[in-house]
Amino acid sequence: MESQYLKRCLGSCLKKGLAEVVEHRPADPIEYLAHWIYNYKRTLDEEKKRMLERIELEQEREAALAELEMLRKMKEEELMIQKKLEEERQAQLEQEREKLKRQKEEEEMLLQQEDQEENEEMIAELTDRPGAPNLTTVEELDENGQFESTTDLMAESEQESPN
């Protein structure tokens, strides 16, 4: 049982230490072996510490990579959202343009109607005055140089429906 303990706890350390003593053949092998075991322990502790640091660095690296991946996905999502918002804004602007265009066309039609009504009223006022010329017929020369009689439709419609 004691031999198992010694093999398990000191086996490789003693083997390597004794091999060093045999190789170097120091004047005081016990002191040399004691220093060698002390340095061996310190070296093992340093290796263990470096191993833990490597593991910690690897974990930090993996965490950083995961964070970078998450940031990349967030950036992609942000770009998609911006693109969608831009498309929605463009569609809204297009709708507003169409609406303004329709309003403008309606306003132009109303203005044309008002102008037409004003012109009709003015013609009616001018033709209703005593001594005003009769504008219901206009004589024009055609291509052959002959007179052609044209009837003013507005004046005819006014004559047909007296006030």
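Keep in mind that what you see is a predicted model, and the values were worked out from it rather than measured.

## Overview of the overall build of the chain
No. 1: When helices and strands are counted, the chain shows 3 helices and 2 strands.
No. 2: Overall, the chain shows an N-to-C arrangement of helices and strands of α-α-β-β-α.
No. 3: Buried residues in the chain amount to 6% of all 163 residues.
No. 4: For the chain, the proportion of contacts with a sequence separation of at least 24, taken over those separated by at least 6, is 23%.
No. 5: Of the roughly 15,200 Å² that the chain leaves accessible, carbon and sulfur atoms contribute 54%.

## Focus: a nonpolar patch on the surface
No. 1: A cluster of nonpolar side chains, contributed by Tyr5, Leu6, Leu10, Leu14 and Leu18, occupies part of the molecular surface with about 440 Å² of accessible area.
No. 2: Examined against the element boundaries, Leu18 turns out to sit in helix H1 (residues 2-24).
No. 3: Using a relative accessible area of 45% as the deciding quantity, one classes Leu18 as partly exposed.

## Structural notes on the confidence of the model for the chain
No. 1: Taken over all residues, the pLDDT of the chain has a mean of 84, while the share at 70 or more is 79%.
No. 2: Averaged over each element, pLDDT in the chain is lowest for helix H3 (residues 153-160) (50) and highest for helix H2 (residues 29-128) (92).
No. 3: Scored below 50 in pLDDT, residues 151-155 shows 7 contacts in the model against residues more than four places distant or in partner chains.

## Here's the deal with the pattern of salt bridges
No. 1: For the structure on display, the rule yields 6 salt bridges.
No. 2: One salt bridge connects Arg72 with Glu69, and the closest N-O pair in it is separated by 2.3 Å. Of this pair, Arg72 and Glu69 both sit in helix H2, separated by 3 residues, roughly a single helical turn.
No. 3: Assessed through its relative accessible area of 32%, Glu69 is described here as partly exposed.
No. 4: Arg72 serves as the salt-bridge partner of Glu76, at 2.4 Å between the closest nitrogen and oxygen.

## Considering H1
No. 1: The largest bend in H1 comes to about 70°, at Leu10.
No. 2: Restricting attention to buried positions, one finds in H1 the residues Cys13, Gly17 and Val21.
No. 3: Arg25 lies just past H1 and shows a positive phi near 45°.

## Let's talk about a negative patch on the surface
No. 1: A grouping of Glu114, Asp115, Glu117, Glu118, Glu121 and Glu125 is seen on the molecular surface, where their side chains present a negatively charged patch.
No. 2: Relative to the elements of secondary structure, Glu121 occurs in helix H2.

Rules of the game
- Each chain has its residues counted from 1, following the order in which its sequence is written.
- Residues qualify for local features only when their pLDDT is at least 70, as the model is predicted, and side-chain atom pairs are given and counted only at 80 or more; totals for whole chains, interfaces and linings, by contrast, use all residues.
- Only hydrogens and water are set aside; all other atoms, that is, all heavy atoms of the structure, feed into the side-chain values.
- Secondary structure elements follow DSSP: runs of H or I no shorter than four residues count as helices, runs of E no shorter than two count as strands, and numbering proceeds from the N terminus.
- Each residue is assigned to one of three classes by its accessible area relative to the maximum for its type, calculated with a 1.4 Å probe on protein chains only: buried under 20%, partly exposed between the two thresholds, exposed over 50%.
- The contact criterion used is simple: two residues touch if any of their non-hydrogen atoms lie within 4.5 Å.
- Accessible surface is estimated by sampling points in the Shrake-Rupley manner with a 1.4 Å probe; for residues, cover comes only from the protein chains shown.
- Any residue with relative accessible area above 30% and no salt bridge may belong to a patch, with like charges joined within 9 Å and the nonpolar Val, Leu, Ile, Met, Phe, Trp and Tyr side chains within 5 Å.
- We define a salt bridge as a side-chain nitrogen of Lys or Arg found within 4 Å of a carboxyl oxygen belonging to Asp or Glu.
- For every residue, the predictor assigns a confidence score, pLDDT, that lies between 0 and 100.
- Take the seven residues that end at a residue and the seven that start at it, fit an axis to each, and the angle between those axes is the bend at that residue.
- Positive charges come from Lys and Arg alone, negative charges from Asp and Glu alone, with His and the N- and C-terminal ends not counted.
- We put the charge of a Lys on NZ, of an Arg on CZ, of an Asp on CG and of a Glu on CD.

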